[in-house]
Amino acid sequence: MRRLLTGIAIAALTVSTAYAKPGGGGGGHGNGSEAHGNGGGPGNGGDHGNGGDAHGNDGGMAMGGPGGGPGNDHRGGGNDRGPPTDRGQGNERHGDRAVAPALDPGRADFRGNGNGNRHDEARVVRDLAPGPVRSAAIAERVVWTDFDRRGAGQGCPPGLAKKNNGCMPPGLARQQNDWRAEPDWWGLRGLSDLGGYRYYDGNMVRLGSDGRIAGYYPLLGGALAAGNPWPDYYPATPLPAYYQSYYGLGDDYRYADGAIYRLDPQSQAIQSIAALLTGDRFSVGQPLPEGYGAYNVPYSYRDRYADNPDATYRYSDGYVYQVDPTSQLIVAAIRLLT
Amino acid sequence: MSCRGKPAMRSLTLAALAGLMVLSGCKASAPAGKDAAAAGTSSLAAAITTAGDLSTVSAGLKSTGLASVFDGNASYTVLAPTDAAFKALGDKAGMLTADGNRAALAAVLRDHIVPGTLTPADIKKALEVSKGDPVKMRTVGNGEVTFTKAGNAITVSGPDGTSAKFAGDAVTARNGVAIPIDAVLKKL
């Protein structure tokens with residue numbers, strides 16, 4: 001039995017090793033501590049077919065830097081948009097400690113939830129611990145800032161365009177700037193400069209030279225509130241199956257500005273806000289981001305992930321991260337399955 | 001074969017076994033520890049609703065739609081300004097809670113929400129470990145909040161310099177905690 005299990009472990013790590021190889025088909029450009037992927041990376045995404053049972057039929061994780069190279073990360077079926085898939089099975093070892101049980105080894109399918117262009121797809125990072133192969137740890141995560149880069153929509157916000165005012169709300173040009181026009185006040189992730197923007201009807205709107213609204217950025221709780229139509233400018237944002245499960249997203253959901261929304265499958269109107277996210281980036285082998293100075297593991301997992309002399313734990317955006325107390329480096333990303 | 005168990009295993013072979021557990025469709029369930037038991041079964045949204053002096057926050061969470069976030073599986077901590085804290089804003093409180101300003105209210109509330117479960121005891125312990133240095137925690141809004149301690153009083157500050165003190169017992173729920181504070185952590 002032991003021999004069998006050892007063999008399995010080696011097989012799993014072989015998969016990890018394949019991901020960690022820099023460049024080349026199927027391997028992305030992992031640098032030993034982090035491997036990026038966006039589903040469109042050059043020469044990969046579809047070359048992982050030999051990754052064993054963790055890869056299934058979706059070609060493994062699409063890895064590599066930004067690019068338009070074809071990958072087979074499109075999943076078949078209906079209008080599913082092939083998202084970058086996240087696969088693999090990893091075992092995390094830190095010294096003699098392994099934290100594999102909470103790391104779902106693979107099966108992190110990305111299910112497209114709409115149609116759109118590839119640039120809207122999630123970019124997923126598979127973290128690999130530096131050092132010996134046997135220390136490899138694998139987790140997936142979404143680089144939310146890729147979504148945020150979509151910035152403001154063009155033209156009139158949904159709803160307003162249907163009103164017979166030529167997209168020229170009265171008095172908007174005369175609106176005085178106040179706290180609502182300061183970018184830092186809103187903390188918008190997709191707009192760093194609100195110059196020329198005004199607050200209007202749940203959006204930040206930008207006026208064109210003709211006085212008409214030329215662009216808009218929908219706001220959480222404003223335009224992006226239950227019952228309102230989802231702005232077409234912000235198309236589907238496929239997320240890993242883990243996120244779908246953890247946040248209870250259902251089949252129709254969207255992301256905007258640090259929040260995930262559930263949509264009505266029929267009307268595509270917003271049903272509810274499902275999650276609020278920090279959007280912070282965590283990488284195994286890298287220091288913990290600032291802003292996690294205190295223990296914040298959810299109640300249900302405190303017995304399992306309690307700080308101790310060998311490990312500290314912090315939670316963010318659906319994951320518990322194990323941190324080496326001495327080096328302060330992240331050594332594992334742990335899914336909280338339910 | 002059980003899905004439960006401590007994550008720290010002593011060998012790579014056992015780690016591989018754990019992997020097989022997941023591959024076979026076995027999902028880990030949340031362990032029912034003493035902390036979970038103490039937290040009860042209410043959602044954070046429900047717990048805030050029943051808290052006596054957090055009615056403005058509760059109403060704001062509902063009007064902005066943020067309450068649904070706290071009905072789910074994920075865990076959050078709300079640094080919840082008390083009703084008195086909103087009242088102290090004067091006319092600005094009325095403006096903030098007006099129907100046309102729900103996006104602004106959502107932005108304010110968001111800056112008061114921290115990922116995970118962050119109890120007052122966790123904050124105190126972190127401040128002890130830091131030996132008096134401020135302890136920063138990320139919010140799901142714009143930046144971080146900073147905790148400091150002077151005597152027995154803990155102060156929390158927002159990125160814009162606004163600050164508040166803890167104002168009452170924390171409200172615990174199965175998926176988080178709400179800590180009443182005596183001021184709004186955002187300039188209006």
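Before reading further, recall that the structure is shown in the block above.
## Let's talk about the nonpolar core
- Core analysis: the biggest nonpolar cluster contains 116 residues, and A:Val320, B:Ile48 and B:Ala178 have the highest contact counts within it.
- Counting residues per element, this core draws most heavily on helix H7 (residues 102-110) of chain B, at seven residues.
- Each residue touching A:Val320, except ones within four places of it in the same chain, is listed here: A:Val297, A:Tyr301, A:Tyr305, A:Tyr313, A:Tyr315, A:Ile334 and A:Leu336.

## Let's talk about unusual backbone geometry
Residues and elements named next belong to chain A.
- Its identity is not glycine, yet Asp201 carries a phi of approximately 50 degrees, on the positive side.
- Looking at the element boundaries, Asp201 is found in the loop between strand E8 (197-200) and strand E9 (203-207).
- Judged by the 19 C-beta atoms lying within 10 Å of it, Asp201 is partly exposed.
- Here the phi dihedral of Asp317 falls at roughly 50 degrees; this positive angle occurs in a residue that is not glycine.
- By the secondary structure assignment, Asp317 is in the loop between strand E15 (312-316) and strand E16 (319-323).

## Description of helix H8 (residues 120-129) of chain B
Residues and elements named next belong to chain B.
- When we look at burial in H8, the residues that qualify are Asp122, Ile123 and Ala126. For H8, the buried positions fall inside an angular range of 100 degrees around the axis, keeping them on one side. Within H8, the exposed residues directed more than 90 degrees away from the buried face are Ala121 and Glu128.
- Once H8 finishes, Lys131 follows within two positions and takes phi at roughly 55 degrees, a positive value.

## A short note on the pairing of strand E8 (residues 176-181) of chain B
All names here are of chain B.
- Counting buried positions along E8 yields six of six residues, so the element is predominantly enclosed.
- Here strand E1 (residues 76-81) pairs with E8 via six bridges, running parallel. Note that in E8 the partner of Tyr76 across the bridge is Gly176.
- Note: strand E7 (residues 171-173) against E8, three bridges, orientation antiparallel. Note that in E8 the partner of Thr172 across the bridge is Val177.
- What sits between the antiparallel neighbours E7 and E8 is a turn of two residues.

## Observations regarding helix H4 (residues 55-64) of chain B
Residue and element names in this part refer to chain B.
- Among the residues making up H4, those that are buried are Thr56, Val57, Ser58, Gly60, Leu61 and Thr64.
- On its buried face, H4 sits against helix H3 (44-50), E1, helix H5 (83-87) and H7.
- Just downstream of H4 lies Gly65, where phi reads positive at about 85 degrees.

Calculation rules
- Residues numbered from 1 in each chain as written.
- Chains lettered and ligands numbered in written order.
- Predicted model: local features only at pLDDT ≥ 70, side-chain atom pairs only at ≥ 80, totals over all residues.
- Core = buried A, V, L, I, M, F, W, Y, C linked by C-beta atoms within 7 Å.
- Buried ≥ 20, exposed ≤ 12 C-beta atoms within 10 Å, placed from the backbone.
- Helix = DSSP H or I, 4+ residues; strand = E, 2+ residues; numbered from the N terminus.
- Contact = placed C-beta atoms within 7 Å.
- Arc of directions from axis to C-beta.
- Pairing = 2+ DSSP bridges.

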